[in-house]
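Chains, contacts and geometry: an overview
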Amino acid sequence: MNSAARPAPPALPVTYDDVAAAARMLAGRCHRTPVMTSRTVDERCGASVFFKCENLQRGGAFKFRGAYNALTRLPAEQKRRGIVAYSSGNHAQAVALAGHLLRIPVLVVMPQDAPAIKVEATRGYSAEILFYDRSRDSREAIAERLAQQRGLAVIPSFDHPHVVAGQGTAAKELIEDTGPLDFLFVPCGGGGLISGCAIAASQLSPGIKVVGVEPAAGDDATRSFHTRTLHVVEHPDTIADGARTTSLGKITFPLVLHYVSDMVTVTDEELLRAMFFIWERMKLVVEPTGALGAAGLFEGKVDARGARIGVILSGGNADFRQLARLL
Ligand SMILES: *Cc1c(COP(=O)(O)O)cnc(C)c1O
């Protein structure tokens, strides 16, 4: 492999070998999503921009990569007993679909007021759903209790080595298709996607600058990155529901510090502007969180003129009713 890549310190929990192993595991199971370009975007940014369309991934987001990789690596006995996850969004659909394909029982803990469309999608993959009252209960505590009682494995949405490695396959595929890039813009919530992608990118495109993009209202990762101290933002108020995580994780924080070049934020207004631009000009349905990386680029948060730039469009599960109300 490329000797110019920065070697990972031994303490880091995920390496490029893990991403490559995940890619072998996922071959033929997840879509190798298309890479799209737009002359309008290139002119607007004065750069060559390549969009990795994870909005077209199975389950509508990159999360299927990490979920499938984590579930398929469970010991046989654990596969028989099943797993539990807590999520009202794309991770729920991803573990439900992966469990369905692998015949692993999946229990998802969801808030009572989760959007009906997401509940139906999760149930459609035959997962069991347990509702909780988010004003009274903690979903982590509920999931832990169920894991104990029923012998289930908890599969978190980002802070898990197999999840991180699975997410990294998105950037691996992108760079295999485009060749070396100067920048990679990646949406950031709990940091699973950006950690995996940055590991893959630094190996396959040495010198690449990986830029994480977060909603301004939930800028915990940006602050954590710049201060090198873990920050927490409770209940971030943003339209980017896939990035309402309160902080980076035990596994993702050191990976972000080691591999990521910069972290920037965008307001909800900037985010919606980018999302509608992608809908109208590129004819791609992306959800607000899925447009974070593009918004960071379009709004010029980093000077990337003249560069070759990758952007991860991370998901397409837009709640049209909610977005129509916003308009
Ligand atoms: C979960 C999610 C993210 C954030 O991913 P993390 O691994 O938590 O950083 C970004 N975009 C979409 C569409 C998501 O579903």
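Each value, and the rule that gives it
- Residues numbered from 1 in each chain as written.
- Predicted model: local features only at pLDDT ≥ 70, side-chain atom pairs only at ≥ 80, totals over all residues.
- Heavy atoms only, no water.
- Axes fitted to C-alpha atoms, helices over the stretch in contact; angles between N-to-C directions.
- Helix = DSSP H or I, 4+ residues; strand = E, 2+ residues; numbered from the N terminus.
- Parallel < 35°, antiparallel > 145°, perpendicular 65-115°, else oblique.
- Contact = heavy atoms within 4.5 Å.
- Nonpolar A, V, L, I, M, F, W, Y, C, P; charged D, E, K, R; others polar.
- Phe/Tyr/Trp six-rings, centres within 6.5 Å; stacked < 30°, edge-to-face > 60°.
- Buried < 20%, exposed > 50% of the residue type's maximum accessible area, 1.4 Å probe, protein only.
- Lys NZ or Arg CZ within 6 Å of the ring centre and 35° of its normal.
- Pairing = 2+ DSSP bridges.
- Expected span 1.5 Å × (residues − 1).
- Left-handed = near helix turned anticlockwise from the far one by under 90°.
- Salt bridge = Lys/Arg side-chain N within 4 Å of Asp/Glu carboxyl O.

1. Regarding the packing of helix 1 (residues 16-26) against helix 3 (residues 63-72)
- For the pair helix 1 and helix 3, interaxial distance at closest approach is 10 Å and the crossing angle is 90 degrees. Judged by the angle between their axes, helix 1 and helix 3 are roughly perpendicular. Across the interface between the two elements, Ala-22, Met-25 and Leu-26 from helix 1 touch Arg-65, Tyr-68, Asn-69 and Thr-72 from helix 3.
- For the contact of helix 1 with helix 3, a count of residues per class yields 4 nonpolar, 2 polar and 1 charged.

2. Points about the packing of aromatic side chains
- Per the stated rule, a full pass over the model turns up 5 aromatic pairs.
- With 5.1 Å between their ring centres and 80 degrees between their planes, Phe-276 and Trp-279 make a pair best called edge-to-face. A residue pair is termed a helical-turn pair when its members lie 3 or 4 positions apart in one helix, as Phe-276 and Trp-279 do in helix 12 (residues 268-282) at 3 residues.
- Judged by relative accessible area, Phe-276 falls into the buried class, the value being 18%.
- Between Phe-277 and Phe-298, the aromatic rings sit 5.3 Å apart at their centres with planes inclined by 70 degrees, giving edge-to-face as the arrangement. Of this pair, Phe-277 sits in helix 12 while Phe-298 sits in helix 13 (residues 292-298), placing them 21 residues apart in sequence. Here Phe-277 matches Phe-298 in class, with each residue buried.
- Above the plane of the ring of Phe-277 lies Arg-44, whose end atom (NZ or CZ) is 4.7 Å from the centre.

3. Some remarks on the sheet that holds strand 9 (residues 262-266)
- Read from one edge of the open sheet, 6 strands run 1-2-10-7-8-9, paired in mixed fashion. Two strands bound the open sheet, and with one partner strand each, they are strand 1 (35-36) and strand 9.
- Where strand 7 (residues 183-187) lies against strand 10 (residues 308-313), 3 bridges are found, and the strand directions are parallel. Bridge pairing links Leu-184 to Gly-310 in strand 10.

4. Re helix 9 (residues 192-204)
- When the terminal C-alpha atoms of helix 9 are compared, their 19 Å separation across 13 residues agrees well with the 18 Å that a helix rising 1.5 Å per residue should span.
- Of all 13 residues making up helix 9, 12 are buried, and the element is well covered by its neighbours.

5. With respect to the packing of helix 8 (residues 161-178) against helix 9
- For the pair helix 8 and helix 9, interaxial distance at closest approach is 7 Å and the crossing angle is 45 degrees. With respect to their mutual orientation, helix 8 and helix 9 come out oblique. Of the two possible hands of crossing, helix 8 and helix 9 adopt the one that is right-handed. For the pair formed by helix 8 and helix 9, the contact residues are Val-164, Gln-167, Gly-168, Ala-170, Ala-171, Lys-172 and Ile-175 on the first element and Gly-192, Leu-193, Ser-195, Gly-196, Cys-197, Ile-199, Ala-200, Ala-201 and Leu-204 on the second.
- Looking at the contact of helix 8 with helix 9 residue by residue, the class counts come to 10 nonpolar, 5 polar and 1 charged.

6. Quick look at the pattern of salt bridges
- Applying the stated rule across the entire model yields 17 salt bridges.
- Residues Arg-273 and Glu-299 are paired through a salt bridge, measuring 3.0 Å at the closest nitrogen-oxygen approach. Remark: Glu-299 occurs in the loop between helix 13 and strand 10 and Arg-273 occurs in helix 12; sequence separation between them is 26 residues.
- The exposure class assigned to Arg-273 is partly exposed, which follows from its relative accessible area of 45%.

7. Considerations on the side chain of Arg-65
- Relative to the assigned elements, Arg-65 resides in helix 3.
- Leave out the neighbours within four places in its chain, and Arg-65 touches Leu-26, Cys-30, His-31, Thr-33, Lys-52, Glu-54, Gln-57, Gly-166, Gln-167, Thr-169, Ala-170 and Glu-173.

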